[in-house]
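Structure at a glance
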Amino acid sequence: MRELFTNKYFILLLVITILLLVITALYTADRKSVTYGEDLVGAIITPFQALFTSATEGIRNFSGYFSDIKELREKNKEMAEQINELSNTVRKLEQYKLENERLRGMLALKDTMEDYGLVAAEVIAKDSGNWFNSFTINKGSADNLAVRQAVITSGGLVGHIYEIGTNWAKVISIIDANSSVGAVIARTRDIAVVESDVELQNQGLCKMTYIGKNVSIMSGDIAETSGLGGIYPKGILIGKVREIRPETAGISQYAILEPAVDFERISTVFVITRYPEE
Amino acid sequence: MKGLIYTVLAVILCALQTTVFETLRVFGARANLMMALVVCVALTRGSFVGGAIGLLCGLITDVMGYGTFGVNSILMLYTGVCIGFFSFKFYRIRGIVAVIFSIFAVFTYNLIYYFFVYYIWGKGGMWFAITKIIIPECLYTAVIAVPLQKLIIAVNRHLDIKQER
């Protein structure tokens, strides 16, 4: 045992471990900004990530071009048949248009967003592991972004910034198991909390919890942000209820929520930098 | 020189893992390139270098990823140190050794991660985590570890020859 403590490698390992534990303990405290070291590492890696992302996109587009040519002949044949169905499609589109207008009116999203300050950003990297649903965007504090600012797309709520560097920011999505959002059911105005777990997160879904047993929630109901909690502004579309399940204890129920945003194909986001009250 | 090459390799693999490999998912899982690097370096260079590269990869993962800072650093540091102990037993490194150690390292790392981040907070079933996340990641990483190990052995050999001259 004494030999072990006189071994310089063991002592070095022990010192590094203690140092890392101290850093971890300090990190868990609520901190306002990243360290210069973290910012530097982020600044070095983000250009690589941007390069690889654009290269991947280029390869995907290039390979897609050839597969498209293969399919063109078949599609041409199919399209000739589809012309006959076009009149029917137009009628359906009219219906979708009316429904879209109704939803927009109900959520008043368009009018509300005009008063907000939005900064567009590109997603340049996803989280390095399989456990979290977070991603990095190509804008940072140099673009007036800050921690706890909400991130949206034209579809709805994405998440919020939890860490920021000069030219990058990390966003935690609402389907991450560590995220929770104050929500309200648009039709009934009942308040709930949107969160997720490891299983739902991997399926691109989340759940709406703390819904009273007497609340008349139904599949297809729309969930939007309640504005409670201080991060997300009121009235941003979160998603649509897919199914309702009873909680194990039986005193409340929860709903499986299909987010309005497709997190698999997310590429451009908007960060809300200014709120109407300001 | 070797330290610089390993650092550059770690940065490139981190960038690849968070971008290109996001679109190259197999059964919903991404390969853990950083862990594969730690395993391969530890097997070829021993505990000290393995621990050092584990610490470096862990720090990069902590900086670039979500979660409590330091967790990846500690886990990867000890992965490098522990696997490095076996480098002398398997001095004639073969692909199968890298595959077995990669599976073992990724499985243990993910199980510990799952336990502290999800299980104790009641956020998700263990069966789902093991079958849908951990095992696919283990297998995917093991496949990547074979060419990566060959690359590291080639780099080491090239640098050793250069050093001897």
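As shown above, the structure is provided for reference.
Just so it is clear, the model here is predicted, and its values are computed rather than measured. (Residues numbered from 1 in each chain as written. Chains lettered and ligands numbered in written order. Predicted model: local features only at pLDDT ≥ 70, side-chain atom pairs only at ≥ 80, totals over all residues. Heavy atoms only, no water.)

1. Concerning the overall build of chain A
Spelled out, the test is: Put simply, DSSP marks the helices as runs of H or I at least four residues long and the strands as runs of E at least two long, and each gets a number from the N terminus on. Each residue's exposure class comes from its accessible area (1.4 Å probe, protein chains only) as a fraction of the maximum for that residue type: buried when under 20%, exposed when over 50%, partly exposed otherwise. Contacts are assigned to residue pairs that have any heavy atoms within 4.5 Å of one another. Accessible areas in this description were obtained via Shrake-Rupley with a 1.4 Å probe; residue shielding takes into account the shown protein chains only.
Within chain A one finds 5 helices and 12 strands. Burial statistics for chain A: of 278 residues in total, 41% are counted as buried. In chain A, the proportion of contacts linking residues at least 24 apart, taken out of those at least 6 apart, comes to 59%. In the form shown here, chain A has an accessible surface area of approximately 16300 Å², with 56% of it arising from carbon and sulfur atoms.

2. Quick word on the sheet that holds strand β8 (residues 206–212) of chain A
Residues and elements named next belong to chain A. We apply this condition: In this scheme, strands are said to pair when DSSP sees at least two bridges between them. Structural elements are reduced to axes, namely lines fitted to C-alpha atoms, with helices fitted over the stretch in contact, and the angle between N-to-C directions of any two is expressed from 0 to 180 degrees.
Taken in spatial order, the 6 strands close into a barrel running β6-β7-β8-β11-β10-β9, and their pairing is antiparallel. Going from strand to strand, the sheet's axes swing by 40° on average, the running direction of each strand aside. As defined by bridge partners, strand β6 (residues 180–185) adjoins strand β7 (residues 191–195) across 5 bridges and the pair is classed as antiparallel. Across the sheet, V181 pairs through a bridge with V194, a residue of β7.

3. Comments concerning the interface of chain B and chain A
Note the threshold: Throughout, buried area stands for the accessible area (probe radius 1.4 Å) lost by two parts on being put together, summed over both. Residues adjacent in sequence count toward polar contacts only when both atoms are side-chain atoms; beyond that, a polar contact is any pair of N or O atoms within 3.5 Å, and within protein one must be able to donate a hydrogen and the other to accept it. In this count, Pro and Cys sit with the nonpolar residues alongside Ala, Val, Leu, Ile, Met, Phe, Trp and Tyr, while Asp, Glu, Lys and Arg are called charged and the others, Gly among them, polar.
The interface is formed by 48 residues belonging to chain B together with 45 residues belonging to chain A. Across the chain B/chain A interface, buried area totals approximately 4200 Å², and carbon plus sulfur atoms make up 70% of it. The three residues of chain B that bury the most area against chain A are B:M64, B:Y66 and B:Y118, which together make up 19% of that side's buried surface. Applying the counting criterion to the chain B and chain A interface returns 6 residue pairs in polar contact (both at pLDDT 80 or more). Elements with a contribution of two residues or more to the side of chain B that touches chain A: α1 (2–18), α2 (20–23), α4 (47–64), α5 (71–84), α6 (95–117) and α7 (126–164) of chain B. Among the elements that take part in the side of chain B that touches chain A, α4(B) stands out by supplying 8 residues, more than any other. For the side of chain B that touches chain A, a count of residues per class yields 28 nonpolar, 14 polar and 6 charged.

4. Topic: the pattern of salt bridges
Here is the rule we go by: By definition, a salt bridge exists where a carboxyl oxygen of Asp or Glu is found within 4 Å of a side-chain nitrogen of Lys or Arg.
Scanning all chains against the criterion turns up 8 salt bridges over all chains. A salt bridge links A:E243 to A:R245; the nearest nitrogen and oxygen atoms lie 3.1 Å apart.

5. What to know about the sheet that holds strand β5 (residues 169–173) of chain A
Residues and elements named next belong to chain A. Around the barrel, 6 strands lie side by side as β1-β2-β5-β4-β3-β12; this closed barrel has antiparallel pairing. The sheet shows a mean angle of 45° between the axes of neighbouring strands, taken without regard to direction. The pairing of strand β3 (residues 150–152) with strand β4 (residues 157–164) spans 3 bridges and is classified as antiparallel. Considered in β4, the bridge of I152 is made with L157.

6. Side note on the environment of A:I266
All names here are of chain A. Mapped onto the fold, I266 is located in the loop between β11 (252–259) and β12 (268–274). Of the residues examined, I266 reaches a relative accessible area of 10% and is grouped as buried. Non-local contacts of I266, meaning those with residues more than four positions away in its chain, are made with V123, K126, F135, T153, V158 and V261.

Distances and angles like these do not, on their own, reveal function.
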